[in-house]
Amino acid sequence: METIDNRRTVDTVTFEVISSALHSIAEEMGVILKRSSYSPIIRDMDDFSCALFTPDGDLVAQADYIPAQLGAMSLVVKAIIERWDGKINDGDAFICNHPFLGAMHLPDVNVVTPIFVDGRLEGWSGTAAHHIDVGGVNPGSEGPELEDIFAEGLILPPVRLSVAGTENPDVISIITDNIRDPLSTVSDLRAQRAACILGYQRLNELAEQYGMNVLSTVMSRSLDVVEKAVRNSLLDLPDGTGEAEGFLDDDGIDGPPTRIHAKVSKTGDTLTIDLSGSSAQVRGAMNVPWASARAGIVYAVRAVVAPDLGANDGLLRAVNVIAPKGSVLNPEAPAAVSIRHNTCQRFADTLIRALTDLWPDEAVGSSTVSFFCMNVGSTSPVTGRPAVMADVVGGGTGGTRFGDGVDGVDTYMSNVGVMPAEVVETNYRIRILKNEFVPGSQGTGKYNGGMGLRREYQILEHAQRATFYAEQTNGSFSPEGAAGGEAAHPTRITLITPDGTEHEVATKTSTTLQPGTVVRVETAGGGGFGPAAERPAELKAADLRDGRLVLG
């Protein structure tokens with residue numbers, strides 16, 4: 001048994017039971033949010049996260065929905081504490097989407113509730129969810145061409161969404177008058193608050209069952225346990241240095257490729273990650289606010305060093321990070337950040353390749369970082385009211401020493417599903433003409449990468465404003481192979497006008513599409529692993545039988 005901070009002694013079994021209960025609470029919060037939300041991007045695509053925090057704002061337990069939000073919400077909680085310390089009341093709920101006050105990009109809205117037990121602040125429950133629109137120049141509140149955050153949408157610093165249990169009508173009015181689809185957004189905010197209330201209730205139930213002293217001890221000790229486990233895993237790995245670089249196709253507008261560089265050094269039980277070789281912050285909306293870069297570090301270190309561990313802020317205690325202000329991975333306000341996730345994906349790939357440069361036995365083929373996104377300002381075919389579609393198309397993961405990559409999934413820091421065609425067509429005046437794998441898009445090797453996806457969107461009935469964007473359209477930056485595997489094919493975007501003419505189009509575009517226009521995307525597959533000459537005969541036969549190697 002072990003005593004923490006002079007609190008009550010907690011035996012190992014009790015610690016494990018309560019730790020699992022905390023994670024279960026975060027998972028149950030996710031169920032409430034998913035089943036109560038209004039928007040397909042939350043309800044059907046799972047673009048959200050739920051978590052519990054200590055009174056000081058350290059992340060204790062997070063449900064594994066989307067890695068892009070791993071560990072990021074704790075920065076929002078700390079920003080709330082800094083702004084509202086001494087004025088936080090039972091029943092309050094706070095809202096924040098400010099990328100320079102701990103949030104990610106403006107559509108990812110955080111709703112956070114303080115948890116009081118017997119009149120004392122004992123923790124926080126929090127949610128982050130991608131909202132389909134928070135205002136700004138473009139439907140969907142994203143635009144690669146935007147040059148500052150003010151064009152991207154409504155900016156919410158940490159303010160009260162609810163006051164002592166009552167929804168704040170002033171904040172609701174500000175939100176509803178600045179966005180395109182207030183019914184969806186306000187409904188989703190209420191679903192987030194409901195999930196936070198559930199977290200509040202469940203933590204109080206645990207406190208009643210075990211006592212708050214025991215619960216506080218477990219929350220504190222869980223951070224120590226993860227830190228110790230990460231340090232022990234690092235001790236089992238050799239010391240040394242590794243590095244890697246990757247490039248974005250451009251700066252979001254018309255600039256040169258943007259460099260992402262990571263150098264990692266491991267000494268004893270400590271890892272140092274140096275990002276100072278990355279490009280300065282860019283003109284377009286590809287910049288990554290610190291919360292998102294921090295999440296990328298948590299994701300990559302967890303994936304390579306300690307994949308079996310739960311995620312909490314204890315992991316970062318074993319990691320030193322050098323990330324100069326003013327870089328694309330730590331920009332200064334008012335840099336535009338709405339397309340930051342493409343950069344996050346490239347960063348995750350680069351950091352994993354740097355870590356596997358240090359530890360080659362962990363190498364894998366690169367997964368796609370294309371992250372094609374399609375935002376459209378449409379209307380509902382049922383009600384006729386404005387409706388904004390936000391869809392994401394994945395691709396292939398890289399081959400590994402254990403086998404082929406996975407076909408057609410959202411990779412790395414994403415984990416969202418593709419929107420079902422039936423959901424698209426019943427919610428928006430858009431038709432899905434095709435949704436299929438792209439044979440030959442993957443890199444070959446002893447183990448091939450996974451295949452990319454082909455998806456076609458047809459605009460119906462009236463002109464609609466759209467923003468679509470993707471990475472890895474430059475063949476020089478396609479997903480790399482590992483251990484002698486081949487690179488995958490790049491992503492392609494094609495615009496087909498109503499007369500059937502196909503046009504190559506800028507791969508980061510905001511434009512108005514006429515009825516009958518089709519946007520086709522074919523995403524990159526994953527890189528191969530190992531020499532193709534070593535591919536087992538039975539897998540070669542399956543490739544031919546299933547038609548996986550012929551470009552369609």
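Residues numbered from 1 in each chain as written. Predicted model: local features only at pLDDT ≥ 70, side-chain atom pairs only at ≥ 80, totals over all residues. Heavy atoms only, no water.

**Brief notes about the overall build of the protein chain**
Quick note on the threshold: Secondary structure counts use DSSP, requiring at least four H or I residues in a row for a helix and at least two E residues in a row for a strand, with both numbered from the N terminus. Put simply, the radius of gyration uses C-alpha atoms, and a globule should come to 2.2 Å times the residue count raised to 0.38. Buried, partly exposed and exposed residues are distinguished by accessible area as a fraction of the type maximum, computed with a 1.4 Å probe on protein chains only: under 20%, between the cut-offs, and over 50%, respectively. Contacts are assigned to residue pairs with any non-hydrogen atoms lying within 4.5 Å of each other.
A count of helices and strands for the protein chain gives 10 helices and 20 strands. In terms of overall dimensions, the protein chain is globule-like: its C-alpha atoms have a radius of gyration of 23 Å, near the 24 Å expected for 552 residues. Based on the C-alpha atoms only, the size of the protein chain along its principal axes is roughly 70 × 60 × 40 Å. Out of the 552 residues in the protein chain, the part that is buried amounts to 61%. Intrachain contacts of the protein chain at a sequence separation of at least 6 include 74% that bridge at least 24 residues.

**Brief notes about empty space enclosed by the protein**
For clarity, the threshold we go by: Every definition here rests on a 1 Å grid over the protein atoms only: cavities are sets of points where a 1.4 Å probe fits but cannot get out, pockets are open sets enclosed by protein on both sides within 12 Å along at least five of seven lines, and lining residues have some atom within 4 Å of a point. Grid points are joined across faces, edges and corners, and a volume is the space filled by probe spheres set on the points. Residue polarity is assigned by list, with Asp, Glu, Lys and Arg as charged and Ala, Val, Leu, Ile, Met, Phe, Trp, Tyr, Cys and Pro as nonpolar; anything else, Gly included, falls into the polar class.
Inspection of the entire model under this criterion finds 3 cavities of 30 Å³ or more. Its boundaries defined by the atoms lining it, the largest cavity holds a volume of some 180 Å³. Lining the largest cavity are 21 residues, and of these Asp47, His130, Arg340, His341 and Phe371 lie nearest its centre. Going through the elements one at a time, helix H8 (340-358) and strand E13 (386-393) are the ones with two or more residues in the lining of the largest cavity. Looking at the lining of the largest cavity residue by residue, the class counts come to 10 nonpolar, 6 polar and 5 charged. Of the voids in this model, the second largest cavity is the one considered here, and its volume is about 60 Å³. Taken together, Asn97, Val109, Val134, Leu154, Leu156, Ile175, Ile179, Thr185 and Leu189 make up the full set of residues lining the second largest cavity. The residue inventory of the lining of the second largest cavity, partitioned by class, reads 7 nonpolar, 2 polar and no charged.

**Things to note about the sheet that holds strand E3 (residues 93-96)**
Counted only if it meets this: Two strands qualify as a pair provided DSSP detects at least 2 bridges between them. Only C-alpha atoms enter the line fits that serve as axes; for helices the fit covers just the stretch in contact. Angles between N-to-C directions range over 0 to 180 degrees.
Taken together, 7 strands build an open sheet; the order of strands is E2-E1-E5-E4-E3-E6-E7 and the sheet is antiparallel. Both edges of this open sheet fall to strand E2 (59-62) and strand E7 (166-167), since each of them pairs with a single strand only. Sheet analysis places E3 next to strand E6 (residues 159-163), joined by 3 bridges and oriented antiparallel. Bridge pairing in E6 links Ala93 to Ser162. Against the sheet, helix H1 (residues 12-36) makes contact with strand E1 (48-53), E2 and strand E5 (120-130), and its axis sits at roughly 145° relative to E1, the strand it touches most.

**Structural notes on the layout of surface pockets**
Taken as a whole, the largest pocket encloses approximately 490 Å³ of empty space. What lines the largest pocket is a set of 22 residues, and nearest its centre among them are Tyr299, Ala303, Ile352, Val364 and Thr400. Among the elements that line the lining of the largest pocket, the one with the most residues is helix H7 (residues 290-304), at 3 residues. Each pocket or cavity is described by its volume, and for the second largest pocket that value is around 320 Å³. Ser19, Ser222, Val226, Gly310 and Asn312 are the residues nearest the centre of the second largest pocket, which is lined by 16 residues in total. At the level of secondary structure, the elements contributing two or more residues to the lining of the second largest pocket comprise H1, E2 and helix H6 (212-235). When grouped by side-chain class, the residues that make up the lining of the second largest pocket number 8 nonpolar, 7 polar and 1 charged.

**Here's the deal with the sheet that holds strand E17 (residues 492-496)**
Spatially, 5 strands are ordered E14-E15-E20-E17-E18 in an open sheet, and the strand pairing comes out antiparallel. Every other strand in the sheet has two partners, leaving strand E14 (430-438) and strand E18 (502-504) as the edge strands with one partner each. Across the sheet, the mean angle from the axis of one strand to that of its neighbour is 20°, orientation sign disregarded.

**Looking at helix H4 (residues 169-176)**
Note the cut-off: Think of it as the arc spanned by the lines of direction from the helix axis to the C-beta atoms.
Regarding H4, the residues found buried are Val171, Ile172 and Ile175. Angular distribution of buried residues about the axis of H4 spans 100°; they occupy a single face of the element. The exposed set on the far side of H4, more than 90 degrees from its buried face, consists of Pro169 and Asp170. Residues of H4 that are buried sit in contact with E3, E6, E7 and helix H5 (182-210).

**What about the nonpolar core?**
To keep things clear, this is the line we draw: By nonpolar core we mean a set of buried residues, namely Ala, Val, Leu, Ile, Met, Phe, Trp, Tyr and Cys, connected to one another through side-chain atoms within 4.5 Å.
Grouped together as the largest cluster of nonpolar side chains are 136 residues, with contacts concentrated most on Leu22 and Phe372. Once you skip the residues sitting within four places of it in the chain, Leu22 turns out to touch Leu52, Val60, Ala61, Leu203, Leu206, Leu215, Val218 and Met219.

**Notes on the confidence of the model for the protein chain**
Quick reminder of the rule: Confidence per residue, as judged by the predictor, is encoded in pLDDT with a range of 0 to 100.
Residues with a pLDDT of 70 or more make up 98% of the protein chain, whose mean pLDDT is 94. Counting contacts from residues 1-7, a segment whose pLDDT is below 50, to residues more than four positions away or on other chains yields 16 contacts.

**Considering the side chain of Thr127**
Inspection of the secondary structure assignment puts Thr127 in strand E5. By relative accessible area, Thr127 is classed as buried at 0%. Once you skip the residues sitting within four places of it in the chain, Thr127 turns out to touch Met29, Leu33, Ser49, Cys50, Met73, Val109, Asn110, Val111, Gln192, Ala195 and Cys196.

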